[in-house]
Amino acid sequence: MVQISALRLLRRPGTRGVSLLEYSTPRHYSSSPLRARDDARDARAFFTTPIFYVNAAPHIGHLYSALLADALCRHRRLRVPSASATRFSTGTDEHGLKIQQAAAAAGLAPTELCDRVSAQFQQLFREAGISSTDFIRTTEVRHRIAVQHFWGLLKARGLLYKGLYEGWYCASEECFLPEAKVTRQPSSSGNSCPVSLESGHPVVWTKEENYIFRLSQFREPLQQWLRGDPQAITPEPFHHAVLQWLEEELPDLSVSRRSSHLHWGIPVPGDDSQTIYVWLDALVNYLTVIGYPNAEFKSWWPTTSHIIGKDILKFHAIYWPALLLGAGMSPPHRIYVHSHWTVCGQKMSKSLGNVVDPRTCLDRYTVDGFRYFLLRQGVPNWDCDYYDEKVVKLLDSELADALGGLLNRCTANRINPSGTYPVFCTTCFPSEPGLVGPSVRAQAEDYALVSAVATLPKQVADHYDNFQIYKALEAVSSCVRQTNGFVQRHAPWKLNWESPVDAPWLGTVLHVALECLRVFGTLLQPVTPSLADKLLSRLGVSATERGLGELCFLPRFYGHPCPFEGRRLGPETGLLFPRLDQSRAWLVKAHRT
Ligand code: MSP
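Residues numbered from 1 in each chain as written. Predicted model: local features only at pLDDT ≥ 70, side-chain atom pairs only at ≥ 80, totals over all residues. Heavy atoms only, no water.

Caption draft 1: Layout of the sheet that holds strand 15 (residues 271–276). Reading across from one edge, 13-15-14 is the order of the 3 strands in this open sheet, with antiparallel pairing throughout. For this open sheet the edge positions go to strand 13 (256–258) and strand 14 (267–268), each flanked by a neighbour on one side alone. Pairing between strand 13 and strand 15: 3 bridges, direction antiparallel. The partner of Arg257 across the bridge, within strand 15, is Thr275. (Pairing = 2+ DSSP bridges. Helix = DSSP H or I, 4+ residues; strand = E, 2+ residues; numbered from the N terminus.)

What follows is the structure, given as structure tokens:
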């Protein structure tokens, strides 16, 4: 028997080293933006959210993780519309000590707690428009089969051994912590109790015989993988952080618990006295949902992008790729990492009583409003602070006033009485800037607008590729402001449809503004699907004209026919996004507290 510690490896069992070259290299799908022509296999993409613990109800941080994945996935579908090209999974993480203890504390059987909270996540995600193609629960039979198969592979490849493992275990984080990550905190009884330095949750010294995974063998292959693929973990600071961690010693990892201590989990195949470690169990969900161990998973696995919070980076960027390499698979294609939401400057926690309920937010701000807020304000590289006034200010200014106002200005009956997409006049707005002539009306700023909106889809795609969705929305919002400036500059309400001098220019101003709106509506679909639908329907854009492949901005300017010119606008359906009423009771209350 080998005795190892989470803090110090007492004996490193000698086995052959593992080279990254022994494993298949990932076949990346093309990430070149706006390509709708990739062949069917290369067009595939598989997005995942973390699976969520069911010890407590969902909060806005969980919703944020799911929304980021949803927006990436929806943007991908706009590029490659084939329904079978994209898969997107989410779900609940239902095993482990944390859930076992939460159920006991609530006086419930674990299955009861899991059913109850998993249903809350499913309902929230349905309401929030999370367009997942699979929702997995780790208590499902298909998952047990996948986990036990995966375990069998690691065992057969000589990567698991039995040893005595000891260290501080934090049930809340479901992991062993090194001494340096443990501190002492005074308890109510006056004694000091050991807690996790990062989370403040209690830790318990644990010493037991477990199955241990030869993680230490994978330090070099992991370094090779990350050095060879600088975009594997995005944004870059997280990639860098993982490489830094890999500079340190990488001890072997305990991957089971005594069943007498942890019964709520998947038994180790052939050894009922041990339960599989919840993180190994949970990570395999990403394979379960693509059919593992059936061969179909092989065509999806190389296209996998994980979306995760920064707190679970080590599990996804070190343990998981090492386990995959151990089982003869490639590491995930991409790991996109985001930071956390705090509330009024504080970490969100049940004990502080400051947890923000996402369903209340969806009710107050509408589904599209709240999706827009979280994705527009959430910055992956650092934490963001939540408070109600911020939501109201952002939505009123960007969705109600700027975007809604622009649509209203170009479609209102008094300005566009024919209710059509007016004709673009090439002599008023020639494609070559700087021309002079009696009918030329376009100014330098107008060319700047056309150029900004023409390059917007590519810019947005690049931001999605770099997992900077907030920058994509910032770019759209800046173009909306520019378009409002264009309309303001030319004041179409002062032009007269009856005048042969004004009419061509009036039509052109509206045509350009509607074309800009069509681009904004198309690009906003991944973030605000209903609002974008309302906008595009009002413009008369049909369902088959909403993909990125079809998005050809202002073709008349470039000398091509425009399919929308002269077309009837869609029916008037009221304000695009009503201003949030400042006098609502909840807002007054939020101001007071
Ligand atoms: N069950 C594990 C994940 C297993 S994946 C194989 C877990 N669950 S969790 O419910 O604690 O967290 C799920 C996701 O929510 C993580 O990405 C985490 O970063 C995210 N968030 C939890 N709190 C958050 C905030 N306050 N803000 C933003 N995201 C947060 O970890």
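Moving on from the model shown.
Caption draft 2: Representation of the site of the ligand within the structure. In the neighbourhood of the ligand, 24 residues make up the surrounding shell, with Ile51, Asp93, Gly309, Asp311 and Trp341 lying closest. Within the backbone of Ile51, an N or O atom sits 2.8 Å from a nitrogen atom of the ligand. In the model, a nitrogen atom of the ligand is placed 2.7 Å from a nitrogen or oxygen of the Asp93 side chain. Protein coverage of the free-state accessible area of the ligand, which is 660 Å², stands at 93%. At the level of elements, strand 3 (52–53), helix 1 (60–79), helix 7 (278–283), helix 8 (285–288) and strand 16 (304–309) are the ones that each hand at least two residues to the shell around the ligand. (Near = heavy atom within 4 Å. Polar contact = N/O pair within 3.5 Å; in protein donor to acceptor, adjacent residues only side chain to side chain. Areas by Shrake-Rupley, 256 points an atom, 1.4 Å probe, with all protein chains shown as cover.)

Caption draft 3: Just the UniProt feature "domain: Methionyl-tRNA synthetase anticodon-binding" (unreviewed entry) in the protein chain, in detail. As recorded in UniProt, the feature "domain: Methionyl-tRNA synthetase anticodon-binding" (unreviewed entry) lies at residues 444–542. Structurally, residues 444–542 is divided into 79% helix and 0% strand, and its ends, taken at the C-alpha atoms, are 33 Å apart. (UniProt positions renumbered as here; feature names shortened; annotations may be inferred.)

Caption draft 4: A look at unusual backbone geometry. Look at the link from Thr234 to Pro235: it is a cis peptide, with omega at -5°. Along the polypeptide, Pro235 turns up in the loop between strand 11 (233–234) and helix 6 (236–245). Going from Tyr292 to Pro293, the amide bond is cis rather than trans, its omega being 5°. Here Pro293 lies in the loop between helix 8 and helix 9 (297–300). Residue Glu174 is not a glycine yet carries a positive backbone phi of 55°. Its place among the elements puts Glu174 in the loop between strand 6 (160–170) and strand 7 (175–177). Relative accessible area serves as the criterion here: at 1%, Glu174 is assigned to the buried category. Even without being glycine, Thr366 reaches a positive phi, approximately 75°. Within the element layout of this structure, Thr366 appears in the loop between helix 11 (358–365) and helix 12 (367–377). (Buried < 20%, exposed > 50% of the residue type's maximum accessible area, 1.4 Å probe, protein only.)

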